[in-house]
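# Summary of structural features
For reference, the chains in residue letters:
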Amino acid sequence: MIVTTKQLFMHAHRKYALGAYNVNNMEQAIGLFLGNNLAKAPFIVQISRGARSYAGVKMLENIIRAASDMFPENIFGVHLDHGDEETCYECIESGFYSSVMIDASHEPFEENVKITKRVVKKAHENGVSVEAELGLLGGVEEHIEIDEKHAMLTDPKEASEFVSMTGCDSLAVAIGTSHGAYKFTGGQGLHFDRIKAIQELLPEYPLVMHGSSSVPKSEVDRINNAGGNLDESARGVDDKEFSRAVSLGVSKVNIDTDGRLVWTRVHREYFRDHPEGYDFRKPGKILIDEYAKFIQDKSNKLMSSNMIDNLKEFLEK
Ligand code: G3H
Ligand code: 13P
Ligand code: ZN
């Protein structure tokens, strides 16, 4: 059942985080819905612009509808990930999305406010929630001077002003993470001091953490042992840190890269061990099961496991 992202945030806030997973194809969708079904976890399905052009909008949206039909007990939101203004409007008008993300974080503050405000107006007229972004993710590297490094993180005062100026429903904040497999090169991690400072100014407000894949070493090793060539130093967010982030208002945690690593590991190992193989359904089936296991494990770390029954009661009130 698709519900509004607002309802999901109201239920999750400071109790657990909603895993927000990017979907590109059928195997990922089945694994995602199966994993959350087994975990009894609410979640968010994310569709990026890249995914929309890869599978085609109709195909992708119908894959999600079909997965929902296969697992009718699941409760989830459908979200546009990293949208521009035009794609936000398309998604709002389609009636299929619970929320859209307008990502104008690369624009100067005033321009980001202007664009986000326009999207919020249109979205709210149509019952859709809006995630916006402030601060710059990515490129937070050890060799960058401390001042520069902090300059990329979201400024708490600006965050609070941005939310009241735009009326956006959730805010993606730059708190030390970045997209992809190479987030941290050394001893960095989440900037809890910064999350805390933002949360103090926006106490009841859902914060969103992008770039939250964990990039497990075991996964990188397995990929490399099966012919891959990922940088051994690849490192992501320590998923033991999710619970602290949740207590500071992080209510949505975006994960894409870890799913790509599961795909890569399954396929590399399968074809290494079956060089004679060519039936893609064999690794495809393994992928569905491995991805479902991965989702169950993430739901435990995000503390969203076994929340479905309570969420149902909450929605019925
Ligand atoms: O943050 C971006 C997501 O990982 C989606 O990636 O645009 O390549 O589909 P994508
Ligand atoms: P990862 O690259 O860490 O999976 O982040 C995904 C993301 O933020 C999608 O918006
Ligand atoms: Zn992102």
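Our structure's up above, just so we're on the same page.
Every value quoted in this text rests on a predicted model; they were computed, and no experiment measured them.

Rules of the game
- Residues numbered from 1 in each chain as written.
- Chains lettered and ligands numbered in written order.
- Predicted model: local features only at pLDDT ≥ 70, side-chain atom pairs only at ≥ 80, totals over all residues.
- Heavy atoms only, no water.
- Helix = DSSP H or I, 4+ residues; strand = E, 2+ residues; numbered from the N terminus.
- Contact = heavy atoms within 4.5 Å.
- Areas by Shrake-Rupley, 256 points an atom, 1.4 Å probe, with all protein chains shown as cover.
- Buried < 20%, exposed > 50% of the residue type's maximum accessible area, 1.4 Å probe, protein only.
- Polar contact = N/O pair within 3.5 Å; in protein donor to acceptor, adjacent residues only side chain to side chain.
- Near = heavy atom within 4 Å.
- Axes fitted to C-alpha atoms, helices over the stretch in contact; angles between N-to-C directions.
- Parallel < 35°, antiparallel > 145°, perpendicular 65-115°, else oblique.
- Nonpolar A, V, L, I, M, F, W, Y, C, P; charged D, E, K, R; others polar.
- Disulfide = S-S within 2.5 Å.
- Pairing = 2+ DSSP bridges.
- Salt bridge = Lys/Arg side-chain N within 4 Å of Asp/Glu carboxyl O.

## Some words on the overall build of the protein chain
Of the regular secondary structure elements, the protein chain holds 14 helices and eight strands. In terms of its C-alpha atoms, the protein chain occupies a principal-axis envelope of roughly 60 × 50 × 35 Å. If you take every contact in the protein chain between residues at least 6 apart in sequence, the share linking residues at least 24 apart comes to 78%. Counting every atom, the protein chain has about 14,000 Å² of accessible surface; 53% of that belongs to carbon and sulfur.

## Section: the environment of Tyr21
Mapped onto the secondary structure, Tyr21 falls in strand β1 (residues 18-22). Its relative accessible area of 1% is what places Tyr21 among the buried residues. Each C-alpha atom of the pair Tyr21 and Ile255 lies 5.1 Å from the other, and the pair is 234 residues apart in sequence. With sequence-adjacent residues up to four places away left out, Tyr21 is seen in contact with Leu32, Asn36, Phe43, Ile44, Val45, Gln46, Ile255, Tyr291, Ile295, Lys298, Ser299 and Leu302.

## Considering the side chain of Asp256
Among the secondary structure elements, Asp256 is positioned in the loop between β8 (250-255) and α12 (257-273). For Asp256, a relative accessible area of 17% gives the class buried. Side-chain polar atoms of Asp256 contact the side chain of Arg260, separated by 2.8 Å. Once you skip the residues sitting within four places of it in the chain, Asp256 turns out to touch Asn22 and Ser213.

## Focus: the site of ligand 1
Neighbouring ligand 1 are Asn22, Ser48, Asp81, His82, His179, Asp256 and Arg260. The separation between an oxygen atom of ligand 1 and a polar side-chain atom of His179 is 3.2 Å. Contact with the protein chains covers 67% of the free accessible surface of ligand 1, which is 300 Å².

## Thoughts on the packing of helix α5 (residues 85-94) against helix α6 (residues 109-125)
At a minimum axis separation of 10 Å, α5 and α6 run at an interaxial angle of 10°. Of the possible angle classes, the one that applies to α5 and α6 is roughly parallel. When α5 is examined against α6, the residues Glu85, Cys88, Tyr89, Ile92 and Glu93 are found in contact with a partner set consisting of Ile115, Arg118, Val119, Lys122 and Ala123. When its residues are assigned to classes, the contact of α5 with α6 shows six nonpolar, no polar and four charged.

## Examining the state of the cysteines
Counted under the stated rule, the structure contains zero disulfides. No disulfide involves Cys88; its sulfur sits 6.9 Å from that of Cys91, the nearest cysteine. In this structure Cys88 comes out as buried when scored by relative accessible area, which is 0%.

## Points about the pairing of strand β2 (residues 43-48)
Of all the six residues making up β2, six are buried; the element is thus mostly covered by neighbouring parts of the structure. What you see with β2 is no split at all: Phe43, Val45 and Ile47 on one side and Ile44, Gln46 and Ser48 on the other are buried throughout. Bridge analysis of β1 against β2 gives four bridges, and the strand direction is parallel. Residue pairing in the sheet places Ala20 in a bridge with Ile44 of β2. Bridging between β2 and strand β3 (residues 76-83) involves six bridges; their strand directions are parallel.

## A look at the site of ligand 2
Inspection of the region around ligand 2 gives 15 residues, with Asp81, Lys183, Ser213, Asp256 and Thr257 positioned closest. Within the side chain of Lys183, a nitrogen or oxygen atom sits 2.5 Å from an oxygen atom of ligand 2. Elements with a minimum of two residues in the shell around ligand 2: β3 and β8. The residue inventory of the shell around ligand 2, partitioned by class, reads one nonpolar, eleven polar and three charged.

## Section: the pattern of salt bridges
Across all of its chains, the model carries 26 salt bridges by this definition. Between Lys6 and Asp169 there is a salt bridge, and its shortest N-O distance comes to 3.9 Å. Here Lys6, found in helix α1 (residues 5-12), pairs with Asp169, found in the loop between α8 (156-166) and β6 (170-173); they are 163 residues apart in sequence, far enough to count as distant. On the basis of relative accessible area, Lys6 is assigned to the partly exposed category, the value being 49%. We note a salt bridge from Glu200 to Lys196, for which the minimum N-O separation is 3.2 Å. Separated by four residues within a single helix, Glu200 and Lys196 lie in helix α9 (residues 192-201), roughly one turn from each other. Residue Glu200 is classed as exposed on the basis of its relative accessible area, which comes to 52%. Each member of the salt-bridge network shares a partner with another, and the members are Asp239, Asp258, Asp297, Lys298 and Lys301.

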